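# Residue-level structural notes
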Amino acid sequence: MITIDGPTASGKGTVAAIVAATLGFHLLDSGALYRLAALASIRYGIGKDDPAGLANLVEALHITFREGCAQLDGVDVSGEIRAEEVGNRASAIAVHPEVRQALVARQRAFRKRPGLVADGRDMGTVIFPDATLKVFLTASVEARAARRHKQLMQKGFSANMNNLLRDLRERDARDMNRAAAPLKPAADAKTLDTSGLSIDQAVEQIIGWYSEVRVYKLKCSKVPRRKRGVY
Ligand code: DC
């Protein structure tokens, strides 16, 4: 179990997908679940400040992930959920403990053999606190805005750099300062600043950390339980 948490546009989605593919692990993009809930709330007219209505909506959502595509009610919405409007709405509804709680079981259900790489904001702190390796991926707000700009242009969305910087700062503040499961590194997380790193370098670092932690944990599990002070 590897968790990769971090602010928006820190590169965690891309890095998590490559780490998962390299290790042959499953992948959980928890942000996609919040984005699907956000898209559904817009479609069904549930207000962003109606926690009970939103939690009911989340419980009833028919979500499937198939070959990298996110489906809502059987329809592929992978492109739609990446729009900035949906991301901002996802951040706004994610402040409600009721919404977060309604998504816990769905996220934990992704944990399957041979392993899982989960990316988000609270993967290491709340959803999978016993993960083998916890990574906190970060990057300067300028580097993240430039990446998000490139991503949006490639997907055919229009984007303005100043608006992106403002939105990223607002989203960071909301994700970090909310009372429920705020964005922060787990006490035992390794922090990786990707501002000056390529995707390959970030992936290499995480796979390296994972190999080290695994070897260490395997060695420890071979020491007789009595010698480890476990009776
Ligand atoms: O990672 P992302 O940008 O796709 O996430 C969209 C929003 O969803 C993010 O701004 C906050 C929320 N989110 C969250 O609160 N907890 C998570 N584990 C993942 C996402």
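Bear in mind that the values here come from a model prediction, so they are computed numbers and not experimental data. (Residues numbered from 1 in each chain as written. Predicted model: local features only at pLDDT ≥ 70, side-chain atom pairs only at ≥ 80, totals over all residues. Heavy atoms only, no water.)

### So, the overall build of the protein chain
Each helix and strand in the protein chain was counted, giving 9 helices and 8 strands. Relative to the globule expectation of 17 Å for 231 residues, the C-alpha radius of gyration of the protein chain, 18 Å, shows essentially globular dimensions. Overall size of the protein chain, expressed as C-alpha extent along the three principal axes, is 60 × 40 × 35 Å. The burial tally for the protein chain puts 45% of its 231 residues in the buried class. Carbon together with sulfur atoms contributes 53% to the accessible area of the protein chain, which is approximately 11800 Å² in total. On the protein chain, the mean spot of the 35 positive side-chain charges and the mean spot of the 25 negative ones are 8 Å from each other. (Helix = DSSP H or I, 4+ residues; strand = E, 2+ residues; numbered from the N terminus. Rg over C-alpha atoms; globule rule 2.2 N^0.38 Å. Buried < 20%, exposed > 50% of the residue type's maximum accessible area, 1.4 Å probe, protein only. Areas by Shrake-Rupley, 256 points an atom, 1.4 Å probe, with all protein chains shown as cover. Lys, Arg positive; Asp, Glu negative; His and termini not counted. Charge placed at Lys NZ, Arg CZ, Asp CG, Glu CD.)

### Focus: the UniProt feature "binding site: ATP" (unreviewed entry) in the protein chain
UniProt records the feature "binding site: ATP" (unreviewed entry) at Gly-6, Pro-7, Thr-8, Ala-9, Ser-10, Gly-11, Lys-12, Gly-13 and Thr-14, using the numbering of this structure. Residue placement: Thr-8 occurs in the loop between β1 (2-5) and α1 (12-23). For Thr-8, a relative accessible area of 3% corresponds to the buried category. Thr-8 has contacts with Arg-121, Arg-144, Arg-148, Leu-168, Arg-171 and Asp-172, leaving out every residue within four places of it along the chain. Relative to the elements of secondary structure, Ala-9 occurs in the loop between β1 and α1. Judged by its relative accessible area of 11%, Ala-9 is buried. In contact with Ala-9, other than residues within four places in its own chain, are Arg-144, Arg-147 and Arg-148. (UniProt positions renumbered as here; feature names shortened; annotations may be inferred. Contact = heavy atoms within 4.5 Å.)

### Section: the packing of aromatic side chains
With the rule as written, the count across this model stands at 2 aromatic pairs. For the pair Phe-25 and Tyr-210, a centre-to-centre distance of 5.9 Å together with 85 degrees between the ring planes defines the contact as edge-to-face. Note that Phe-25 is positioned in the loop between α1 and β2 (26-29) and Tyr-210 in helix α9 (residues 199-222), a separation of 185 residues in sequence. Of the two residues examined, Phe-25 and Tyr-210, each falls in the buried class. Ring centres of Phe-65 and Phe-110 lie 5.9 Å apart, and the angle between their planes is 70 degrees; this geometry places the pair in the edge-to-face category. Of this pair, Phe-65 sits in strand β3 (residues 63-66) while Phe-110 sits in the loop between α5 (97-108) and β6 (116-120), and the two are 45 residues apart along the sequence. Residue Phe-65 is classed as partly exposed on the basis of its relative accessible area, which comes to 36%. (Phe/Tyr/Trp six-rings, centres within 6.5 Å; stacked < 30°, edge-to-face > 60°.)

### Some thoughts on the site of the ligand
Around the ligand, the surrounding shell holds 18 residues, and the nearest of these are Arg-35, Arg-100, Arg-121, Asp-122 and Arg-178. Contact distances for the ligand include 3.3 Å between an oxygen atom and a side-chain N or O atom of Lys-12. Between Arg-171 and the ligand, the recorded distance is 3.4 Å, taken from a side-chain N or O atom to an oxygen atom. Against a free-state accessible area of 440 Å², the protein chains account for coverage of 98% of the ligand. (Near = heavy atom within 4 Å. Polar contact = N/O pair within 3.5 Å; in protein donor to acceptor, adjacent residues only side chain to side chain.)

### Some words on the pairing of β3
In the sheet, β3 pairs with strand β4 (residues 69-72) via 4 bridges, with the strands oriented antiparallel. Across the sheet, Phe-65 pairs through a bridge with Ala-70, a residue of β4. Connecting β3 to the antiparallel partner β4 that follows it, the hairpin turn spans 2 residues, and Glu-67 within it adopts a positive phi of roughly 45 degrees. (Pairing = 2+ DSSP bridges.)

### Details of the sheet that holds β4
One open sheet accounts for 3 strands, arranged β3-β4-β5; its pairing is antiparallel. Pairing within the sheet leaves two strands with one partner each, and these edge strands are β3 and β5 (75-76). Here β4 pairs with β5 via 2 bridges, running antiparallel. When the bridges of β5 are listed, Gln-71 appears paired with Asp-76. The sheet contacts of helix α2 (residues 30-43) involve β3 and β4, and relative to β4 the element is tilted by about 35 degrees. (Axes fitted to C-alpha atoms, helices over the stretch in contact; angles between N-to-C directions.)

### Quick look at the UniProt feature "domain: Cytidylate kinase" (unreviewed entry) in the protein chain
Sites flagged by UniProt as "domain: Cytidylate kinase" (unreviewed entry) map to residues 2-208. Helix makes up 50% of residues 2-208 and strand 16%. Its end C-alpha atoms lie 12 Å apart.

### Observations regarding the environment of Ala-143
Along the chain, Ala-143 turns up in helix α7 (residues 141-154). For Ala-143 and Ala-9, which are 134 residues apart along the polypeptide, the C-alpha to C-alpha distance reads 8.7 Å.

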